Amino acid sequence: MAVDGTITDEYVQTAAVQGADVILTIDANLQAATQTALQKNIEKIKNGEFGTPYNATGGAMVVMNVKTGEVLAMASYPDFDPSKFIFGIEPELYNQYNSKATKALRNRATQEIYPPGSIFKMVTAIAGLETGAITTTSKINDVGRYSLYSDSPRYCWKRSGHGYLNVTQAIQHSCNYFFYEVGNRIGIDTLAKYTKYFGLGTKTGIELPGEEKGTLNERTEGNVWLPGNTLSAAIGQLDNMFTPLQMVKYASMLANGGKAINPTIIKAIKNVDGTEVPREEYEAYFNERFGIEKTQIEDLNIKQENLDAVLEGMRSVTSESGGTAYSTFKNFTIEVGGKTGSAQTQMVDENGEKITHAWFLGFAPFDEPEIAVVVMVEGGGSRRLYS
């Protein structure tokens, strides 16, 4: 109001309205430990503290409740300091965060896709067992060199071969030859069916923006599929490209008996009056917002004896001599089911060497699984497990 009493402006003040409370599934202590462990061990890999140094550029780690799909922790590294954005971030720091080399602003757990390598082999195993291409007692003789369909033979990582192995032993030793043969017996269409069943190559629908779908090996119209391609697909290579979140969903489904689950970071949404918003209501909102198309996946009802053979292989990975992660887990007080993996990419480092990503997938406790975990390290090296 002016001196002469003229009204010069009006302000209408509306009292703030309390919003609903969103309760997350994230465990704060576990989240802090996960983020610290991921960063610490990536730096150790760079420094050669586990043996040969590798130029590890980043990674992701996700921990999930195998029964509910609740994400208990999700870490991505390199990360960034969100407080730097409060009053306007310096251009130099923003460019550093957003650089192609760092990609600190991207959540590697949901927004980056990677070839899974050997942690995919349980999909091939389940497909082979469920279709009768192999049984739990079938043995395949790994002679080291697999010559079918290729002028340039494929080899098991152990060039001399593992000899006769059943599916449990093949998982324990991560035998490429065994899974080449299983892939050849079942074919790409069957393999793609089981890949989709485990949610690989499909958005999970988690309540976060920018989730990547990924890609999977399958026969499509206009796509000439060669029989030899199936061999690469069977060990998690070629066009298989998935997010770490998809891989931890797959690990959880192995651990929970094959039950399909939907990853989530929302425990509940509570209104001011204490009532809960129905999950179907906010799921529909997020699906529309993020363009998630819900598709009905056939329940494959995996036979328990087949699942047990695969899970026993994963137990042997960590608990039996010769398992690819035995040296790390042999003194653990809790028995773990796990699988190591390495996936060579077409990218090269500064020395012209192809970059290989490192994976670990697992669940615990083995007899009564509660959580699943997946760790992925970009450029982490070949057939190594980092604790």
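Reading the values: the criteria
Residues numbered from 1 in each chain as written. Predicted model: local features only at pLDDT ≥ 70, side-chain atom pairs only at ≥ 80, totals over all residues. Heavy atoms only, no water. Helix = DSSP H or I, 4+ residues; strand = E, 2+ residues; numbered from the N terminus. Contact = heavy atoms within 4.5 Å. Areas by Shrake-Rupley, 256 points an atom, 1.4 Å probe, with all protein chains shown as cover. Core = buried A, V, L, I, M, F, W, Y, C linked by side-chain atoms within 4.5 Å. Buried < 20%, exposed > 50% of the residue type's maximum accessible area, 1.4 Å probe, protein only. Salt bridge = Lys/Arg side-chain N within 4 Å of Asp/Glu carboxyl O. Phe/Tyr/Trp six-rings, centres within 6.5 Å; stacked < 30°, edge-to-face > 60°. Lys NZ or Arg CZ within 6 Å of the ring centre and 35° of its normal.

### Brief notes about the overall build of the protein chain
Inference 1: Looking only at helices and strands, the protein chain has eleven helices and eleven strands in total.
Inference 2: The principal-axis extent of the C-alpha atoms belonging to the protein chain is close to 100 × 50 × 45 Å.
Inference 3: The long-range fraction of contacts in the protein chain, counting pairs at least 24 apart against all pairs at least 6 apart in sequence, stands at 67%.
Inference 4: Total accessible area computed for the protein chain in this model is approximately 19600 Å², and 49% of it derives from carbon and sulfur atoms.

### Considering the nonpolar core
Inference 1: Formed by 95 residues in total, the largest nonpolar core has its most connected members in I171, F178, F198 and Y250.
Inference 2: Broken down by element, this core gets its largest block of residues, eleven residues, from helix α6 (residues 176-197).
Inference 3: Sequence-distant contacts of I171, defined by excluding residues within four places in its chain, comprise M122, A125, F179, V310, G313, M314, V317 and K339.

### Focus: the pattern of salt bridges
Inference 1: Inspection of the entire model under this criterion finds 13 salt bridges.
Inference 2: A salt bridge links R219 to D189; its shortest N-O distance comes to 3.3 Å. Taken together, the residues span a long stretch of sequence, with R219 in the loop between α6 and α7 (227-234) and D189 in helix α6 at a distance of 30 residues.
Inference 3: A relative accessible area of 46% places R219 in the partly exposed class.
Inference 4: We classify D189 as partly exposed; its relative accessible area is 46%.
Inference 5: Within the structure, one salt-bridge network assembled from shared partners comprises K103, R106, E112 and E212.

### As for the packing of aromatic side chains
Inference 1: Across all of its chains, the model carries 15 aromatic pairs by this definition.
Inference 2: A ring pair is formed by Y197 and F198, whose centres lie 5.4 Å apart and whose planes are at 70°; its orientation type is edge-to-face.
Inference 3: Overall, the relative accessible area of 6% leaves Y197 in the buried class.
Inference 4: Exposure remark for F198: the relative accessible area of 0% places this residue in the buried category.
Inference 5: A network of ring pairs unites the aromatic residues F80, F85 and Y97 as a single cluster.
Inference 6: Of note, R159 hangs over the ring of Y155, and the distance from its end group to the ring centre comes to 4.1 Å.

### With respect to unusual backbone geometry
Inference 1: Cis geometry is found at the peptide bond from Y77 to P78, where omega equals 5°.
Inference 2: With respect to the secondary-structure elements, P78 resides in the loop between β3 (71-77) and α2 (91-98).
Inference 3: With omega at -15°, the peptide bond leading from A364 into P365 counts as cis.
Inference 4: Mapped onto the elements, P365 comes out in the loop between β10 (354-364) and β11 (371-378).
Inference 5: For S174, which is not glycine, the phi torsion reads 55° and is therefore positive.
Inference 6: On the secondary structure map, S174 appears in the loop between α5 (167-173) and α6.

As far as function goes, none of this settles anything; it's purely spatial.
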